[in-house]
Amino acid sequence: MVTKSRRRLISAVVRYTILTVWGIIAFFPIYWMLSTSFKPDIQWFAWPPVYFPDPPTLTNYMNVWLGAEQYDQTQYAISSQTPLVSLWNSTVIAFSSTFLAVAFGSVLAYGVSRYRILSEARMFQLLMLRMIPPIVVVAPLSLYYSALGLLDTRIGLIMVYFLTTLPYAVWMTKSFIDEVPREVEQAAEILGASRWRTVFEIVLPLIRSGLVATFLFILILTWSEYLLALIITKTQVSTLPIELSKYQGSTEGRVYGRQAALAVGITIPLMIVGLIIRKHLARGFSFGMVRR
Amino acid sequence: MARIELSSLNKTFGSVTAVKNLNFTIEDGEFVVFVGPSGCGKTTTLRMIAGFEDPTSGEIRIDGRVVNDLEPRDRDLGMVFQSHALFPHKNVAQNIEFGLRMKKVPAQERIKRVRQVAEMVRIAHLLDKMPSQCSGGESQRIALARTLVTNPSTFLLDEPLSSLDAKLRRELRAECDRLHQELKRTFIFVTHDQEEAMTLADRIVVMRAGEIVQVGSPMQIYSNPINYFVADFFGSPSMNLVAGSIVRDNGVARFRSQLFDVVLPERLRTASPGKATLGIRPEHVGIGDDANSNTALPVRLVEPLGKDTLLYFDAGTERAFVAVSEGLRMAATKVGERLSLSLDSGQMHLFDAEGRCIRAS
């Protein structure tokens, strides 16, 4: 007969085995990206594969990010723009469009949650906007943008990201606002707070964690968006995903080390943001006081 | 000072009528309790007074001034919610201080008044804590303090005690009573608990299906229920209600049912024959008085409560017929034992087929 403790042990072994295998599969590409970014040229394609760079080198980073000595004249000159400019473009575009989406989205969500300014059907239609594949709207959008002079501008990309992520912002923040009991707001109102005061002093602080989570979610979308950026930007405001893609079809051959160094640079800012706000992400909601 | 008048007040939500033609005046300094089963419109009425719901028609006046169009914050009211509705991200002192801050009271003054009120409701030791660190009873005291500190003319209390356990409820009930005595303000209290209504109110307003059924002092409501519903709602254990009919037998009016045959007292002799319900409170049923017996029933259950003993008799219906015996004298009564019961004819109530109380003519 299998005892209870034995059964627990077997189940733990099985669970951890599955998790470990899954973990290796999931993390291997990230490990490979990191390791390749530190490899000297000859180890990029080496067979049998080189798992640990020997010796580790920063040449790839120097070349890609700082436009080191050979940037202009060597075979590794892929893009006309240095990645630092793209990094700046990506930062400005992703952060401002995300900020706008969350700010407007949460105001709209408040209206929906408290005043039903949009019916359920309208809310669903709003989400439906996201179900249209971006490729479908790319052609008309670029025509409009060309006519309006918004092609290849930061503001153009900010606008389109803001509008395409707004539905997510509304849906996500609405679910957080719905969690704030109406009575808490009414308590503030009857104590003398105006509606705006109530929103800023009671509602927003209470959904802070939710706002932060929404912000990060949308930031990830806008930071790594590729298709719209490809069509709307040309040479002036190229973003990091566009830069990265240039390595894929490059006429200069596969420069994996440089590509990996660039990829690491794209990944790190999001990780930093994630680390800064992890407290909020983990905390979620703890309305200790509201008994239902 | 606040005298609150509700005139021809109506509220509908879509096709549902929550409050129907309410006319009622709450006098200054009065403690009024709205009581009734859930969905009877009592909370909607309170929320209309507070300004959170707009009446579909009718007027609300506070001290003669129509307030229908005033925002909640401009009505000089304080409200305590069932869920306490404390601000979870502010500590207790900040919670209490909130109303003063909105009224732009200077900081020094605020600190002083927060402390005063906290001492008044005995939570001074909690001022630095977060609401989530406080128990249910403490939270309700904080909610009370937060309202008290703004010194409103009227306190609106929406089932403030219903989320607490029985002991705390009694404790806070006494607290509400004490505050009312001390502050001499108008209190409007909503509850579905008849015991709360009985112990707190100067006047009770019984509501059902959006309408006022009866208004009166606790004793009036208890001793002279206007209909079957009120009779059944008030009292614990509730009134015994026996279905039967009024008959005339040799010129004498009697109430007869399967198990009871009672000669009606003088004041009810003129009652016209027909279907009726006899009501009698458990404390007005005599046990074991064979000489004046109206019926004899088998005991179904004995509940010794210490101060007195409840005896549940099998009356052939789902609901038992209840009698109270003082002390523990009857505590050893065997289940199934048949005892004779006598009804105090002076305390009998009769309700006609529509449930209305049949009054003496």
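Residues numbered from 1 in each chain as written. Chains lettered and ligands numbered in written order. Predicted model: local features only at pLDDT ≥ 70, side-chain atom pairs only at ≥ 80, totals over all residues.

(A) How the structure looks around the overall build of chain A. Helix and strand content of chain A: 13 helices and zero strands. For chain A, the proportion of its 292 residues judged to be buried stands at 33%. Once local pairs closer than 6 in sequence are excluded, the contacts in chain A between residues at least 24 apart make up 76%. (Helix = DSSP H or I, 4+ residues; strand = E, 2+ residues; numbered from the N terminus. Buried ≥ 20, exposed ≤ 12 C-beta atoms within 10 Å, placed from the backbone. Contact = placed C-beta atoms within 7 Å.)

(B) Representation of the overall build of chain B. Looking only at helices and strands, chain B features eight helices and 20 strands. Seen through its C-alpha atoms, chain B measures out along the principal axes to roughly 80 × 50 × 35 Å. The proportion of buried residues among the 361 residues of chain B is 41%. For chain B, long-range pairs separated by at least 24 residues make up 64% of all intrachain contacts whose partners lie at least 6 apart in sequence.

(C) Structural context of the sheet that holds strand 5 (residues 65–66) of chain B. Reading across the sheet, the four strands line up as 2-1-4-5 (chain B) and stay open at both edges, with antiparallel pairing between neighbours. Pairing within the sheet leaves two strands with one partner each, and these edge strands are strand 2 (16–26) and strand 5 of chain B. (Pairing = 2+ DSSP bridges.)

(D) Structural view of the interface of chain A and chain B. In this assembly, 21 residues from chain A lie in contact with 24 residues from chain B. For the side of chain A that touches chain B, the elements supplying multiple residues, two or more each, are helix 7 (182–190) and helix 8 (195–206) of chain A. For the side of chain A that touches chain B, the element with the most residues is helix 7 of chain A, which contributes seven residues. Here the side of chain A that touches chain B is composed, by residue class, of 13 nonpolar, four polar and four charged. (Nonpolar A, V, L, I, M, F, W, Y, C, P; charged D, E, K, R; others polar.)

(E) Quick look at the environment of B:I96. All names here are of chain B. With respect to the helices, strands and loops of the structure, I96 is situated in helix 2 (residues 92–102). With 80 residues separating them in the primary sequence, I96 and C176 have C-alpha atoms 17 Å apart. If near-sequence neighbours (up to four positions away) are discounted, I96 is found in contact with V114, V117, A118, I142, A145, R146 and V149.

(F) Just the sheet that holds strand 17 (residues 308–313) of chain B, in detail. All names here are of chain B. In space, the five strands of this open sheet follow the order 15-19-16-17-18, with antiparallel pairing throughout. The strands lining the two open edges of the sheet, one partner per strand, are strand 15 (285–287) and strand 18 (321–326). Neighbouring strand axes in the sheet, compared pairwise and without regard to direction, differ in orientation by 45° on average. Examined bridge by bridge, strand 16 (residues 295–304) and strand 19 (residues 338–343) share four bridges and lie antiparallel to one another. Each bridged residue has a counterpart across the sheet, and for A296 the counterpart in strand 19 is S340. (Axes fitted to C-alpha atoms, helices over the stretch in contact; angles between N-to-C directions.)

(G) Representation of the pairing of strand 8 (residues 186–191) of chain B within the structure. All names here are of chain B. For strand 8, the buried fraction is high: six of the six residues fall into the buried class. Going residue by residue along strand 8, you find T186, I188 and V190 tucked away on one face and F187, F189 and T191 tucked away on the opposite face as well. Relative to strand 8, strand 3 (residues 31–35) runs parallel, the two being bridged by five bridges. Across the sheet, the residue bridging to F31 is F187, located in strand 8. A crossover connection joins strand 7 (residues 154–158) to the parallel strand 8 through helix 5 (residues 166–183); in handedness this β-α-β unit is right-handed. (Right-handed = clockwise from strand over helix to strand, strands pointing away.)

(H) Structural detail: the confidence of the model for chain B. Overall, the predicted model of chain B reaches an average pLDDT of 91, with 99% of residues at or above 70. Predicted complex, confidence summary: ipTM 0.84, pTM 0.80. (pLDDT = per-residue confidence, 0-100.)

(I) Spatial organisation of unusual backbone geometry. In this model, A:W47 is joined to A:P48 through a cis peptide bond whose omega is -5°. Relative to the helices and strands, A:P48 resides in the loop between helix 1 (4–37) and helix 2 (59–66). Even without being glycine, B:K104 reaches a positive phi, approximately 60°. If you trace the backbone, B:K104 turns up in the loop between helix 2 and helix 3 (107–120). Not every positive phi belongs to a glycine, and B:K184 is a case in point at roughly 55°. Inspection of the secondary structure puts B:K184 in the loop between helix 5 and strand 8.

(J) Structural view of the nonpolar core. B:V33, B:I96, B:A145 and B:L156 are the most contacted members of the largest nonpolar core, which has 139 residues in total. Once you skip the residues sitting within four places of it in the chain, B:L156 turns out to touch B:L46, B:I49, B:A50, B:L77, B:G78, B:M79 and B:I188. Residues A:Y247, A:V255, A:Y256 and A:L262 belong to the second largest nonpolar core, which totals eight residues. (Core = buried A, V, L, I, M, F, W, Y, C linked by C-beta atoms within 7 Å.)

(K) Seen up close, the pairing of strand 2 of chain B. All names here are of chain B. In this structure, strand 1 (residues 4–13) lies alongside strand 2, joined through seven bridges in antiparallel fashion. Counted as the bridge partner of L9 is L22 from strand 2. Taking the residues that link successive antiparallel strands as the turn, the strand 1-strand 2 hairpin has two residues, and the phi of G14 there is positive, at about 60°.

(L) View of helix 2 of chain A. Residues and elements named next belong to chain A. Within helix 2, burial applies to N60, N63 and V64. For helix 2, the arc enclosing every buried residue in end-on projection is 85°, short of the 170-degree limit, so these residues lie on one face. On its buried face, helix 2 sits against helix 1, helix 3 (83–115) and helix 12 (256–276). (Arc of directions from axis to C-beta.)

(M) Quick peek at the packing of helix 2 of chain B against helix 3 of chain B. Residue and element names in this part refer to chain B. In contact at an axis separation of 10 Å, helix 2 and helix 3 are set at 125° when each is read in the N-to-C sense. Taken together, the axis directions place helix 2 and helix 3 in an arrangement best described as oblique. In this structure, helix 2 meets helix 3 at a crossing whose hand is right-handed. For the pair formed by helix 2 and helix 3, the contact residues are A93, I96, E97, L100 and R101 on the first element and R110, R113, V114, V117 and A118 on the second. (Parallel < 35°, antiparallel > 145°, perpendicular 65-115°, else oblique. Left-handed = near helix turned anticlockwise from the far one by under 90°.)

(N) Main features of helix 4 (residues 136–148) of chain B. Residue and element names in this part refer to chain B. Counted at 1.5 Å a residue, the expected span for helix 4 with its 13 residues is 18 Å, and the 18 Å between its end C-alpha atoms agrees. Summarising burial for helix 4: eleven of the 13 residues are buried, a large majority. Every buried residue of helix 4 is accounted for by E138, S139, Q140, R141, I142, A143, L144, A145, R146, T147 and L148. Where helix 4 is buried, its residues meet strand 6 (77–80), helix 2, helix 3, strand 7 and helix 5. (Expected span 1.5 Å × (residues − 1).)

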